[in-house]
Structures are given as structure tokens and as C-alpha cells.
Amino acid sequence: MNFLIKLQSLDRRWIYLLVALAIIIPLLIPFDSKTYTTEPVENIYQKVDSFSGKSNKAILMVFMHDASTMPELFPMEVSVLRHAFERNVKVFTICFTPTAAPLVDYAINTVREQFPDKKSGIDYCNFGYKPAALMVPMVLGMGEDISKAVDIDSEGRKIANLPIMQDIKNYNEMNLIINFSGSDYGYTWITYARSKFGANVAAGVTAVMAADAYPFLQTGQLLGMMAGLKGASEYEKLDDVFASYKDANYPSGRPFSKEIINETIANDTFKISDQKVYAFKKARIGMNSQSAAHILIIIFIIIGNLGYFIEKSKQKQDQ
Amino acid sequence: MFETISNLVAALLTLFIFSFLYKENPFYRFAEHLLVGVSMGYAIPLVYNLTFIPYVYQPIFLGHKYVFIIPAFIGILYIFRFSRNYSWLSRYPIVFGMAIVGMGVPLSMNTQVLVQMRSAMAPIQDINSFLIFLGTITILMYFYFSKAHTGLYGKFSKIGVWFMMIGFGASFGYTVMARISLLIGRLQFLVGDVLHLIK
């Protein structure tokens, strides 16, 4: 009992040390935890999958963050890019903050290491950094004609002249916008691109923002959502189970199926250790540490509350 | 070689920032100020190259579209924000900014209010829709202050408080997850990218 009361005055730096150990140990000694997928993430996956191999369909990835939220958002971006490259889906990328510009290149280059045949201007196109003040006019302009609204890409090429623009004109073709942000949930895209042009909007958000985004998910204004590291780990898992799966029946990846994903979880197939590329399992490795840290925090909360109530009852007895 | 050096510099700066957890110190302050300086130093030339050059310099001086001088001039008025006597001039570019806000009002009304209301009015088909119905009604009752929160009305508004507390709890839980994720990201960098200990 006295031990629990003493813990009330424990130096907080010991707690920091324990949290650090709870995170570092699972990184050093990785284990194959199960990754359960949820509907909001599966919806995004299925939408991207439905564009597979179609020259008149594309996705737009909007990078609205800087390096500070990379641990949560970067694995999502890598997973979506990997899915698109794996399934031959045309990808456009754009950012409206200067500090996001190098992150777009970093994400594309990370995935291209495994897909060296993917070419800029043919399979993907980086619109690059555009001033935030022009965001609304561009979002509205892309509803009419993307090549007029954006004009040039990050390499200074006229977008209208790029091969990737064949069969792509506006949101009818570029019909999925995934907004990755640490501070909003694609509000501008929902307000202008979805309301006015009916574009499908999905969000990759930091866990802090997830609670704010749920009303838009519930009303169907967001097609799907990846929330924090957990959302990223789910998409990684879906990539492994479907897009990257190759056998005689499915030479270019198999289509999404709820039964298959449930079966892989039940049978514990497609383990984290089966994936050899570190960038494609980074979120799942991180989730091992996340689970350990959460368990530790729950224990701290229980111990803290026990100590508080014991101290309170002791004070009452003394009175 | 470059990657090794950049990783070492990043690792050192990460440790400087983490040193704040022990106590405030000059290393932490150095890293903090360096971050602000580097961010600004990086952003200014990038914005100059990707905003000023293509949207101001090129159209006016190379494209001879002199009409662009008008918005450029209005934009320059922002600088008067720093002048005590002429700060009123900076309100003119703000007016144009507000026009964009005005344009968004009807569409925001749709996404933020009308669609949300329509969804809240959906028929109760399962336990989830019943909980949404109950939560919406009781929270609205809690925020109705023209009636005293006593008796049966008070009990319902209390249910609203519980719904809000659960909401705040979920939100806080997500916040904890986000902060831990950031720490994981940095430790993954230190343990994996710098020390190469993650297999």
C-alpha cells in the first residue's frame, strides 16, 4: 500500500525512461503481431483497386504536412503509392506547403526503389508545391480541367503535354483524392471538390485528428480514413495480402476479399517478418511498440488511480 | 557517405531535443532555434522560386501581362502591417482573402451543417444509430440554457454530459496514440536508420 502511495511522487523521468524502453525493446526484438483491418481503410483500398489498369482513372495524393507528422503519415503515403504502382493506377501528387515538397519526392523515391520501371509523366506525375493561396481556385479549376488549373508539374513540364494526361481531364477521371494531413481531414476537398463536383475524398490523418474526421466519415462525405499509425499498418497489411500477392491464378495481385483477409488473420499468415522491404512494414513494426507503450500507460493509469484512492482513504482515516 | 553524415546530424539533433525530458538545457535550445531557422530558410527561397517567379515575375516581365501588376501591388500592401501609420492599407489584400471565405460559406453550410443534420435524421435501424440519436438529442439539451437543468430535463442533459465525456476520452486516447507514434518514429530512426539494429 505504501509503495503505491510513494509512486504518486515518483520522478516523471523514470516514467519517460520506462516508456522509451517499452518502445525500443519491441523494435530491437520484433514479433509478429496481428493486424486487423477496418472498414474505413478497406474502403480506400477497394477504391484504389477499382482503378486498377484503367487509363481513364487516377488518384490524387495531397501532402498537407511537414516532417513533424511523418511517423504517422509517411507509411500511409508509401503504402498507397505502393498499391497504385503495384496495380498500375495513375497517381498525381500535390502539396500546398513548402515543407511538404521534399516529402513528396521522398515518398515517391522510396517506393520507386522497388518499382524502377515506373516513369514520371507516364505512370505518375508530381504537380509539386503550389501556393496555399491558390488552393481553392485550383481545387475548383481541377473540376473543369486539371491541365489548365495546375499548368506545370514539379519538373516544369506542361501538364497538358504529358502522356499520363491522356484520358484524364477532371474529377470524373481523377476520382479519388486522398488528403494526408496532420491538421485537417481534407476539409477543402470535401467542401469544394466533393460538394460541387462529386469527387470521392478520403483522408489520411494523424490520430489526433481522427475524432474530428469521424462525423464526415459517418455522413459518407469521406469515402474512407486512415487514422494514425494504426491506419497505416492496416493499409500495409492489405497491400501484402492482395496487391503484392502473386501466384498462377493471380499474376498481378488478387482482388480484395473480406473472407481472405479474415482467413489470413485467423491462420496468422502474411506475418510482418514475411515482408522483406523495411519501408513496407514500418508502420506494423511501429504498432508493436505502440501496443507495448499502450499497455504500460494503462498500467500507469491503474497504479496512479489506486495510489490516489488509497491516499485519499488514508487521509480520511487520519482525520 | 552523405546519408551517414546527415543521419548522424539528425540523430544528434534528436538527442538534443530529447534532452529536454531531463531538464531545460542549452543543447535543447540550440536545436529548437535551429529548427525554426532552417524551416524559414528553406521556405523563403522555395516560395520565392515557386510563387514569386511563376506567378509575378514571369507573367509581368516575360509574358508582358501588365494586368498582373494590380494584384501584385495589392499583395505588397500586406507589408504595411508593420507600419503604425499605414497599417490600414494592409486591410485591402485581406478583403480579397475574405472573398474566398465568403465563397465557401454556402458549400461549408452544406458539408458542416446540412449533410450532418440529414444524417442525424436517418431512421433508427440498429444500436449505433440509436446511440447517435440519443447522443445528439441529449447533448443539444445540455447546451440549451433557457431552461433550468433540473428534474427529468436535468437527467437527460446529464446523459449528454456522459456522451461528451466518452467523446473527449476517445479523442484523448487518439492523442496519446499520436504522441506515442511520434516518439516511435524518432526511435525507429535512431535504432533503425542510424544504428541499423532493426531487422
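Scoring rules and cut-offs
- Residues numbered from 1 in each chain as written.
- Chains lettered and ligands numbered in written order.
- Predicted model: local features only at pLDDT ≥ 70, side-chain atom pairs only at ≥ 80, totals over all residues.
- Heavy atoms only, no water.
- Helix = DSSP H or I, 4+ residues; strand = E, 2+ residues; numbered from the N terminus.
- Rg over C-alpha atoms; globule rule 2.2 N^0.38 Å.
- Buried < 20%, exposed > 50% of the residue type's maximum accessible area, 1.4 Å probe, protein only.
- Areas by Shrake-Rupley, 256 points an atom, 1.4 Å probe, with all protein chains shown as cover.
- Lys, Arg positive; Asp, Glu negative; His and termini not counted.
- Charge placed at Lys NZ, Arg CZ, Asp CG, Glu CD.
- Disulfide = S-S within 2.5 Å.
- Domains from an automatic or database assignment.
- Salt bridge = Lys/Arg side-chain N within 4 Å of Asp/Glu carboxyl O.
- Contact = heavy atoms within 4.5 Å.
- Buried area = accessible area lost by both parts, 1.4 Å probe.
- Nonpolar A, V, L, I, M, F, W, Y, C, P; charged D, E, K, R; others polar.

Counting its regular elements, chain B contains six helices and zero strands. Ordered by position from N to C terminus, the α and β elements of chain B give α-α-α-α-α-α. Taken over C-alpha atoms, the radius of gyration comes to 27 Å for chain B, far larger than the 16 Å a tight globule of 199 residues would show. Each principal axis of the C-alpha atoms in chain B carries an extent, and together these give about 70 × 60 × 40 Å. Here chain B, with 199 residues, has 23% of them falling under the buried criterion. Roughly 14,300 Å² of accessible area belongs to chain B as shown, and the carbon and sulfur atoms make up 74% of that amount. Positive and negative side-chain charges of chain B, numbering 13 and 5 respectively, have mean locations separated by a distance of 17 Å.

All names here are of chain A. Under the definition given, this model contains zero disulfides over all chains. No disulfide involves Cys95; its sulfur sits 12 Å from that of Cys125, the nearest cysteine. With relative accessibility at 1%, the residue Cys95 sits in the buried group. What makes Cys125 buried here is its relative accessible area of 1%.

Let's shift gears to the domain arrangement of chain A. When its domains are assigned, chain A resolves into domain 1 (2–31 + 291–318) and domain 2 (39–270). Measuring from the centre of the C-alpha atoms in domain 1 of chain A to the corresponding centre in domain 2 of chain A gives 40 Å.

The phi dihedral of Asp167 of chain A is positive, around 70 degrees, even though this residue is not glycine. Positionally, Asp167 of chain A belongs in the loop between α7 (146–150) and β4 (176–181). Among the residues examined, Asp167 of chain A registers a relative accessible area of 47% and is labelled partly exposed. A positive phi is found at His64 of chain B, a non-glycine position, where the angle reads about 55 degrees. Tracing the backbone through its elements, the reader meets His64 of chain B in the loop between α2 (26–62) and α3 (69–76).

Now for the pattern of salt bridges. Residues and elements named next belong to chain A. Within this structure, the stated rule accounts for 14 salt bridges over all chains. Note that Arg82 and Asp239 form a salt bridge whose closest N and O atoms lie 4.0 Å from each other. Separated by 157 residues along the polypeptide, Arg82 in helix α4 (residues 70–86) and Asp239 in helix α10 (residues 228–243) bring together distant segments of the chain. Here Asp239 falls in the buried class, since its relative accessible area comes to 0%. When the shortest N-O distance is used, the salt bridge between Asp145 and Lys169 registers 3.2 Å. Remark: Lys169 occurs in the loop between α7 and β4 and Asp145 occurs in the loop between α6 (135–142) and α7; sequence separation between them is 24 residues. The class for Lys169 is partly exposed, based on a relative accessible area of 42%.

With that settled, the discussion passes to the interface of chain A and chain B. Many descriptions give the size of an interface as the accessible area lost when the pieces come together. Opposite the 55 residues of chain A that make contact, chain B presents 42 residues. A buried area of about 4,100 Å², summed over both sides, lies between chain A and chain B, and 69% of it is on carbon and sulfur atoms. The largest share of the area that chain A buries against chain B comes from Leu27, Tyr129 and Val208 of chain A, three residues that together contribute 12% of it. Connecting chain A to chain B are zero salt bridges. Taken together, the elements giving at least two residues each to the side of chain A that touches chain B come down to α2 (12–28), α4, α5 (101–112), α6, α8 (187–197), α9 (207–218), α10 and α12 (282–318) of chain A. With nine residues, the top contributor of residues to the side of chain A that touches chain B is α2 of chain A. Partitioned by chemical class, the residues of the side of chain A that touches chain B number 36 nonpolar, 12 polar and seven charged.

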